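Here is what each chain is made of, one letter per residue.
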Amino acid sequence: MKVDVLLGLQWGDEGKGKVVDVLTPRYDLVARFQGGPNAGHTLEFEGKKYVLRSIPSGVFQQGRTNIIGNGVVLDPVLFREEAEALEKSGVDLRHLLKISKKAHLILPTHRLLDAANERAKGGSKIGTTGKGIGPTYTDKVSRNGLRVGDTLHNFKAKYEAARNRHLDMLRAMGEEPDITALEEKWLAAIDYLRTYELVDSEHLINKALREGKSVLCEGAQGTMLDVDFGSYPFVTSSNTVTAGACTGLGIAPNRIGEVYGIFKAYCTRVGSGPFPTELFDETGKRIRDLGHEYGAVTGRERRCGWIDLVALRYAIMINGVTQLIMMKSDVLDDFDEIKACVAYEIDGKRVDDFPFSIEEESLKPIYVTLPGWKTPMSQMHSEEEFPQAFRDYIAFLEKELATPITIVSIGPDRKQTIERHHSANA
Ligand code: GDP
Ligand code: IMO
Ligand code: MG
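A. The site of ligand 2, seen in detail. Taken together, 21 residues form the shell around ligand 2, and within it Asp-13, Lys-16, His-41, Thr-129 and Thr-236 come nearest. Considering ligand 2 on its own, with 550 Å² of exposed area, one finds that the protein chains cover 98% of that surface. Looking at the shell around ligand 2 residue by residue, the class counts come to eight nonpolar, ten polar and three charged.

Structural data, given as structure tokens:
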């Protein structure tokens, strides 16, 4: 059996949680492979809304095994909050969820270091989610991290050594925090975490594959936030691309099957960093209002702009995307005109391939303007109902991106998802 991957092609918040939930019935296992509680994945069904941070979005479909993989960084306190809320709403999490012993732990001091690093950067801060993601991955790579499996043996001493090292670092940055209360809560959450099934998830997944089971990997963040290929240094600290599913779960590259690349019909970004098609005018504000573009985790305003096909083509290439999923097209239902950036102009020259830097002062997007469809679409049930101008928009994107759009999302609810039977224009 093959492993399919679903991941974001922009700067995150494309709607991954919603679509993973919709696709889960087709899979036996759903697994997160990177990131941590910097993610906020929203699902809506039966009039209820849930936001998941570290737990995979497959937990609402009965009987699926959900895995938090080795590539994830886990904050026990936030995990506990999330898990207890799910259990309260009737999800039998203890039977559904398994956690890799190799996943790294976010310590209270990692969060303090995240904040201190941001303060030290001043005007050039990254605008992180403040969840300790960067410092935790830094410790992983510098071989100082603590893993979920460490909680099973002689944990206190390992924890104290790591904490003391962090406190020294904070002192060197002029900070003297009192972490007593934070630490107490965190250690209690470690005890809670230990009541879950902690596994060697690479063995579990490969065994499942040998038995003919299927796996869906759920990406967090987006390709433009990838530590290697995103808009560095304004990125997150993990590999958000398809390759991240291999290292973050122990899946061999030749096991990867379909790669679902998910994008919004426009583009958003939260935090600092370059965003070539950002709109600072009324149109940007209108997209933000209609799309409710405020962060699921931090509540921060998301920056909004037109779709960027230069960046999307790059993301499709890096990820080996086989199918595209377009989200939030309903947000553009009432626009007279829609723009799409097809190339950049840098120093007066046209650039078609995504360049080393998109921070150049002279960079200007080159737009194509398309007519809007001016039709409310959020109550539609099949692609046959799509207005012609919307079909033309899809055909335009499929041609520019050389990849079929197989699913179109027209609202936040599970039901507002339209599968296209065939991709006539691809
Ligand atoms: P994720 O991080 O990729 O899972 O995405 P988020 O949950 O952070 O952000 C997506 C937001 O858009 C959520 O509030 C969803 O409920 C909402 N959403 C998802 N798909 C659609 C859609 O097709 N139309 C509209 N209007 N909202 C959507
Ligand atoms: P989901 O999975 C959008 C952004 C932050 C910041 C940068 C680094 O919901 O799509 P970090 O805390 O990771 O060190 O922050 O990355 N960022 C996200 N933006 N969606 C996310 O996740 C994000 N996770 C991190 O805003 O710019
Ligand atoms: Mg999100």
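Moving on from the model shown.
B. Seen up close, the side chain of Asp-21. With respect to the secondary-structure elements, Asp-21 resides in helix H1 (residues 16-23). Apart from residues no more than four positions distant in its own chain, Asp-21 is found in contact with Leu-43, Phe-45, Ser-57, Phe-60, Gln-61 and Arg-414.

C. Structural context of the sheet that holds strand E9 (residues 197-199). Spatially, ten strands are ordered E9-E7-E5-E2-E10-E1-E11-E15-E19-E20 in an open sheet, and the strand pairing comes out mixed. Two strands in the sheet have a free side with no partner beyond their single neighbour: E9 and strand E20 (417-419). Along the sheet, successive strands turn relative to each other by an average axial angle of 25°, direction set aside. On the sheet, H1 packs against strand E1 (3-8), strand E2 (29-32), strand E10 (215-218), strand E11 (256-264), strand E15 (323-327), strand E19 (405-409) and E20 and is oriented at approximately 155° with respect to E1.

D. Layout of the pairing of E1. Counting buried residues along E1, six of its six residues qualify, which places the element largely inside the surrounding structure. Here E1 shows a buried face lined by Val-3, Val-5 and Leu-7 and a second buried face lined by Asp-4, Leu-6 and Gly-8. Across five bridges, the pairing between E1 and E11 is parallel. Its bridge partner lying in E11, Val-5 is registered against Val-259. Of the strand pairs in this sheet, E1 and E10 are connected by four bridges, and their pairing is parallel. Across the sheet, the residue bridging to Val-3 is Val-215, located in E10.

About the thresholds
- Residues numbered from 1 in each chain as written.
- Chains lettered and ligands numbered in written order.
- Predicted model: local features only at pLDDT ≥ 70, side-chain atom pairs only at ≥ 80, totals over all residues.
- Heavy atoms only, no water.
- Near = heavy atom within 4 Å.
- Areas by Shrake-Rupley, 256 points an atom, 1.4 Å probe, with all protein chains shown as cover.
- Nonpolar A, V, L, I, M, F, W, Y, C, P; charged D, E, K, R; others polar.
- Helix = DSSP H or I, 4+ residues; strand = E, 2+ residues; numbered from the N terminus.
- Contact = heavy atoms within 4.5 Å.
- Pairing = 2+ DSSP bridges.
- Axes fitted to C-alpha atoms, helices over the stretch in contact; angles between N-to-C directions.
- Buried < 20%, exposed > 50% of the residue type's maximum accessible area, 1.4 Å probe, protein only.

Honestly, it's all geometry; don't read function into it.
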